[in-house]
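Structural overview
Here are the chains, one letter per residue:
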Amino acid sequence: MSELSAIARSVVFGAFSLSLLVALAAWVVRTRRVSPFGPWGRALRSVSDPVVAPIERTLVRTGGSPRHAGWWLVIGVAVLGVVLLTLLDWLELLWVQATGAVGGGLVPLTRVGVTVAYDVLVFALFVRVVGSWLGAFRYARGMRVVYALTDWLVEPLRRVLPPVGAFDWSPLAAWLVLWVLRQLLLTLI
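What you see is a predicted model, and the numbers here were worked out from it, not measured in a lab. (Residues numbered from 1 in each chain as written. Predicted model: local features only at pLDDT ≥ 70, side-chain atom pairs only at ≥ 80, totals over all residues. Heavy atoms only, no water.)

Examining the nonpolar core
- Among the nonpolar cores identified, the biggest contains nine residues, and these are Tyr118, Leu121, Leu125, Leu153, Val154, Leu157, Ala173, Ala174 and Leu178.
- In contact with Leu121, other than residues within four places in its own chain, are Leu149, Thr150, Trp152 and Leu178. (Core = buried A, V, L, I, M, F, W, Y, C linked by side-chain atoms within 4.5 Å. Buried < 20%, exposed > 50% of the residue type's maximum accessible area, 1.4 Å probe, protein only. Contact = heavy atoms within 4.5 Å.)

Re a nonpolar patch on the surface
- Taken together, the side chains of Val160, Leu161, Val164, Phe167, Trp169, Leu172, Trp175, Leu176, Trp179 and Val180 present a nonpolar region at the surface, about 930 Å² in accessible area.
- By residue number, the principal contributor to the nonpolar patch is helix H6 (residues 170-188), which donates five residues.
- Residue position: Trp179 is located in helix H6.
- For Trp179, a relative accessible area of 36% translates into the label partly exposed. (Patch = residues over 30% accessible without salt bridge, like charges linked within 9 Å, V, L, I, M, F, W, Y side chains within 5 Å. Areas by Shrake-Rupley, 256 points an atom, 1.4 Å probe, with all protein chains shown as cover. Salt bridge = Lys/Arg side-chain N within 4 Å of Asp/Glu carboxyl O. Helix = DSSP H or I, 4+ residues; strand = E, 2+ residues; numbered from the N terminus.)

Some thoughts on unusual backbone geometry
- Although it is not a glycine, Arg32 adopts a positive phi angle of roughly 60°.
- The exposed category is assigned to Arg32, whose relative accessible area is 57%.

Side note on the packing of helix H1 (residues 3-30) against helix H3 (residues 69-102)
- Look at H1 against H3: their axes get within 8 Å of each other, and the N-to-C directions meet at 175°. Judged on the interaxial angle alone, H3 and H1 are roughly antiparallel.
- Grouping the constituent residues of the contact of H1 with H3 by class yields 18 nonpolar, four polar and three charged. (Axes fitted to C-alpha atoms, helices over the stretch in contact; angles between N-to-C directions. Parallel < 35°, antiparallel > 145°, perpendicular 65-115°, else oblique. Nonpolar A, V, L, I, M, F, W, Y, C, P; charged D, E, K, R; others polar.)

Focus on helix H4 (residues 106-133)
- Helix length check: H4 (28 residues) gives 41 Å between terminal C-alpha atoms against 40 Å at 1.5 Å per residue, within 8%.
- For H4, the complete set of buried residues consists of Val112, Val114, Thr115, Tyr118, Leu121, Ala124, Leu125, Arg128 and Gly131.
- Along its buried surface, H4 packs onto H3, helix H5 (143-160) and H6. (Expected span 1.5 Å × (residues − 1).)

Considering the pattern of salt bridges
- This model, assessed by the stated rule, comprises nine salt bridges.
- One salt bridge in this structure joins Asp89 and Arg9, with 3.3 Å as the shortest N-O distance. Note that Asp89 is positioned in helix H3 and Arg9 in helix H1, a separation of 80 residues in sequence.
- For Glu155, the salt bridge goes to Arg128, with nearest N and O atoms at 3.2 Å. Taken as a pair, Glu155 in helix H5 and Arg128 in helix H4 lie far apart in primary sequence, 27 residues in all.
- Classification of Arg128 as buried rests on a relative accessible area of 3%.
- Within the structure, one salt-bridge network assembled from shared partners comprises Arg128, Arg138, Asp151, Glu155, Arg158 and Asp168.

Quick notes on the packing of H5 against H6
- Where H5 contacts H6, the axes come no closer than 9 Å and their chain directions differ by 120°. Compared by their axis directions, H5 and H6 come out oblique. Every pair of crossing elements has a handedness; the one defined by H5 and H6 is right-handed. In this structure, H5 uses Trp152, Leu153, Val154, Leu157 and Arg158 to contact H6, whose residues at the interface are Ser170, Ala173, Ala174, Val177 and Leu178.
- Residues belonging to the contact of H5 with H6 are distributed by class as follows: eight nonpolar, one polar and one charged. (Left-handed = near helix turned anticlockwise from the far one by under 90°.)

Focus: the side chain of Ser5
- Residue placement: Ser5 occurs in helix H1.
- The buried category is assigned to Ser5, whose relative accessible area is 4%.
- Not counting residues up to four positions away in its chain, the partners in contact with Ser5 are Asp89 and Glu92.

Focus on the packing of aromatic side chains
- All told, the structure shown has one aromatic pair when counted by the stated rule.
- Here the aromatic rings of Phe167 and Trp169 are separated by 4.6 Å at their centres, their planes lie at 80°, and the arrangement is edge-to-face.
- Just above the ring of Tyr118 sits the side chain of Arg182; from NZ or CZ to the centre is 4.4 Å. (Phe/Tyr/Trp six-rings, centres within 6.5 Å; stacked < 30°, edge-to-face > 60°. Lys NZ or Arg CZ within 6 Å of the ring centre and 35° of its normal.)

In structure tokens, the structure reads:
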């Protein structure tokens, strides 16, 4: 583990701990374990409200309960932390592979290129699926790139594989096609 990864893990753990404390402060005041109008309650609200209030507004707009905003903060920080650490580990591995491939010539560089393209497309498929579960569809600002990367493969498969109930098989079939294509290319190179 590199020094950057160790620092990133410490920062993510610190952010998670801080979000847990903010959520706990909001919960203590909201459930009236501490009077919201007393000095402790005002102090806890002054710390937690600037962070929790935007999440509460989003939850109310989407039909959720605002009393769970603090816990959504904790979940969001945990998920973003895991994604950040995974991305940093992937970039570190990519750096090691690319620097090792540079001295080997064109074949190792091509193998790294195929692997990187596969990783990016699989990540885009994953984001596409999870985004559709969370209501972020094709024309949402962050999803346009994901759909641009994956439509060339998912849409033809969707025409061939009809959905079964509420389950769409085309992203799973696209992942399988990408995996077979990667294996075939790595074997041929």
